[in-house]
Each structure stands twice: as structure tokens, then as C-alpha cells.
Amino acid sequence: MHAPHSSDTLERLECAEQLKLTGKHDEALKILEELLIEDPENVPALEEVADNELSLGHFARAERAAKRAVTIGKKSYTGHYILGFVRSHEEKWDHSLKELKVANALSPNNAEILRCLGWALFNAGQCAQGIVTLERALNLDQENPLTLCDLGSAYLQVQNLRKARTLFQRALEMDPENERAKECVLMAERLLKAVEKT
């Protein structure tokens with residue numbers, strides 16, 4: 001059984017979390033790597049390393065840390081989520097679904113896990129279930145431009161153009177610099193015009 005973390009360890013994890021939230025991933029990783037030198041089986045530190053590496057686009061390093069986290073901590077939903085995210089990024093939908101379903105079982109009603117699960121379901125051909133799952137993610141976190149864009153893209157693919165455009169416009173209102181939302185709004189409007197002409 002792993003000993004509970006000391007208050008010093010918890011403070012350092014909290015400091016790393018704050019750095020991550022402000023986009024200072026390299027600084028966060030320095031603190032986390034020190035923690036892992038002292039305690040190589042520190043699951044929260046491994047999860048945070050994986051999350052920071054993912055944010056930096058270092059998928060192989062994120063995957064290594066996440067695999068270690070789920071090997072040591074059987075209930076590491078973050079580890080399973082990150083493994084599912086990496087497989088999704090590679091468009092390996094079946095492998096992605098396996099990991100994301102475990103993450104969702106360990107941490108139900110987590111908007112980010114549901115967003116990724118919904119996207120993987122949709123891309124694995126389970127369109128209706130994917131859309132329902134994305135809708136659930138949006139209900140839990142209505143201010144998330146990523147969820148709005150994913151759900152909009154799903155509706156676009158099933159030809160619900162008006163719904164897609166509304167979702168993309170909401171994403172753009174929240175994040176005016178979001179390039180994906182800008183492109184998607186234009187695409188939805190072009191498709192709507194083409195449909196209305198026929």
C-alpha cells in the first residue's frame with residue numbers, strides 16, 4: 001500500500017497544477033520531475049506529467065507517463081483518459097474507446113472525458129451515441145469551445161447544418177480567436193446556402 005502524500009508533496013503538486021493552468025508547462029514539469037525522483041510511484045505526479053506533456057504536444061512522453069500511472073494506480077482515470085486521447089489523436093478509435101470507457105467508469109460526469117468519448121464514439125461509427133455523449137459533455141460544461149466545435153462537427157456530418165452553425169457561432173462568441181470555430185462557421189454557412197439554393 002502506498003503511503004499518503006506529505007503536505008510538502010501536496011503543496012508542490014498544487015504549485016505544479018497552478019503553473020499548468022497558466023500555461024507554464026515546462027516549469028510545472030520541473031517540479032513534477034523532482035517529485036518523481038523522490039517517489040517514482042507518485043501517481044498524481046505521473047498524471048500531471050502526462051497532462052503537461054500532452055499540452056506541449058509531446059504525445060509519446062504523455063503516453064509513457066500515463067501508462068505508468070495506470071500500472072501503479074489502477075483507479076487513475078486521468079491516465080486512462082490521456083491514453084484514450086492519444087489513441088484518438090492517432091484516429092485509433094477502438095483503442096481510444098476502450099481507454100475512455102474505463103476513464104468514464106472511474107470518473108463519471110467528467111465533461112472532458114465525455115467530450116473525448118463522444119468524439120471517439122462518433123468517429124467509430126456510433127454516431128447517435130457519440131452525439132448524445134457530446135451533448136452530455138456540453139450540459140456539464142456549457143462554456144467549452146472544444147465541445148461546441150466537436151458537437152458542431154458531428155451535427156455537420158449528419159447534415160444538421162443549422163444546429164451545427166449555431167454551435168460553431170457559440171464557440172466563436174466565447175473564443176473570438178478560435179480558428180477552428182471561424183472555419184467551421186464559414187463551412188456551415190456555405191453548406192446552408194448550397195442547400196437553400198436547391
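Going by the structure above, here's the rest.
Quick notes on the rules
In this convention, every chain numbers its residues from 1, walking through the sequence in written order. Two thresholds apply to this predicted model, a pLDDT of at least 70 for residue-level local features and 80 or more for giving and counting side-chain atom pairs, whereas whole-chain, interface and lining totals are computed over all residues. With hydrogens and water excluded, all non-hydrogen atoms of the structure serve as input to the side-chain values. A run of DSSP states H or I qualifies as a helix once it reaches four residues; a run of E qualifies as a strand once it reaches two. Both are numbered from the N-terminal end. Residue burial is assigned from relative accessible area. The probe radius is 1.4 Å, only protein chains are included, and a residue is buried under 20% of its type maximum, exposed over 50%, and partly exposed in between. In this analysis, two residues are considered to be in contact whenever any of their non-hydrogen atoms come within 4.5 Å of each other. Residue burial considers only the protein chains on display, and all accessible areas are found by Shrake-Rupley using a 1.4 Å probe. The charge count treats Lys and Arg as positive and Asp and Glu as negative. His and the chain ends do not count. We put the charge of a Lys on NZ, of an Arg on CZ, of an Asp on CG and of a Glu on CD. Where helices are involved, their axes are fitted lines through C-alpha atoms of the stretch in contact, as for all axes, and angles between N-to-C directions lie from 0 to 180°. Any angle from 65 to 115 degrees is called roughly perpendicular, while one under 35 is roughly parallel, one over 145 is roughly antiparallel, and all others are oblique. Handedness of a crossing follows from how the near helix is turned relative to the far one, being left-handed for an anticlockwise turn of less than a right angle and right-handed for a clockwise one. Throughout this entry, Asp, Glu, Lys and Arg are counted as charged residues, while Ala, Val, Leu, Ile, Met, Phe, Trp, Tyr, Cys and Pro are counted as nonpolar. The remaining residues, Gly among them, count as polar. Salt bridges are defined by distance alone: a side-chain nitrogen of Lys or Arg within 4 Å of a carboxyl oxygen of Asp or Glu. Planes of paired rings set the category: under 30 degrees apart is stacked, over 60 is edge-to-face and the rest tilted, where pairs are Phe, Tyr or Trp rings (Trp by its six-membered ring) whose centres lie within 6.5 Å.

Caption draft 1: Spotlight on the overall build of the protein chain. When helices and strands are tallied, the protein chain shows eleven helices and zero strands. Listing the helices and strands of the protein chain from first to last along the sequence gives α-α-α-α-α-α-α-α-α-α-α. Each of the three principal axes of the protein chain carries a C-alpha extent, and together these read 65 × 30 × 25 Å. When each of the 198 residues of the protein chain is scored for burial, the buried share is 46%. Of the contacts made within the protein chain by residues no fewer than 6 positions apart, 47% connect residues no fewer than 24 positions apart. Of the roughly 10800 Å² of accessible surface on the protein chain, a fraction of 53% belongs to carbon and sulfur atoms. Positive and negative side-chain charges in the protein chain, numbering 25 and 32 respectively, have mean positions lying 7 Å apart.

Caption draft 2: Structural detail: the packing of helix α6 (residues 93-106) against helix α7 (residues 111-123). Contact geometry for α6 and α7: axes closest at 9 Å, N-to-C directions at 150°. By the angle between their directions, the pair α6 and α7 is classed as roughly antiparallel. Judged by the twist between their axes, the crossing of α6 over α7 is left-handed. The residues of α7 that touch α6, namely those facing Trp93, Ser96, Leu97, Leu100, Lys101, Ala103 and Asn104, are Ile113, Leu114, Cys116, Leu117, Trp119, Ala120, Leu121 and Asn123. Grouping the constituent residues of the contact of α6 with α7 by class yields eleven nonpolar, three polar and one charged.

Caption draft 3: Spotlight on the pattern of salt bridges. All told, the structure shown has 15 salt bridges when counted by the stated rule. In this structure, arginine 115 and glutamate 112 form a salt bridge, with 2.9 Å as the shortest nitrogen-oxygen distance. Note that arginine 115 and glutamate 112 are positioned in helix α7 at a spacing of three residues, about one turn of the helix. Among the residues examined, glutamate 112 registers a relative accessible area of 24% and is labelled partly exposed.

Caption draft 4: Seen up close, the packing of aromatic side chains. Inspection of the entire model under this criterion finds two aromatic pairs. Each ring, one from tyrosine 81 and one from phenylalanine 85, has its centre 6.1 Å from the other, and the planes form 55°; the classification is tilted. With tyrosine 81 and phenylalanine 85 both in helix α5 (residues 77-89), this residue pair falls four residues apart, about one helical turn. The class of tyrosine 81 is buried, set by a relative accessible area of 11%. Given a relative accessible area of 23%, phenylalanine 85 falls into the partly exposed group. Ring centres 6.4 Å apart and planes at 10° place the aromatic pair tryptophan 119 and phenylalanine 122 in the stacked group. Of this pair, tryptophan 119 and phenylalanine 122 both sit in helix α7, three residues apart, which is roughly one turn of the helix. Accessibility classification places tryptophan 119 together with phenylalanine 122 in one group, the buried group.

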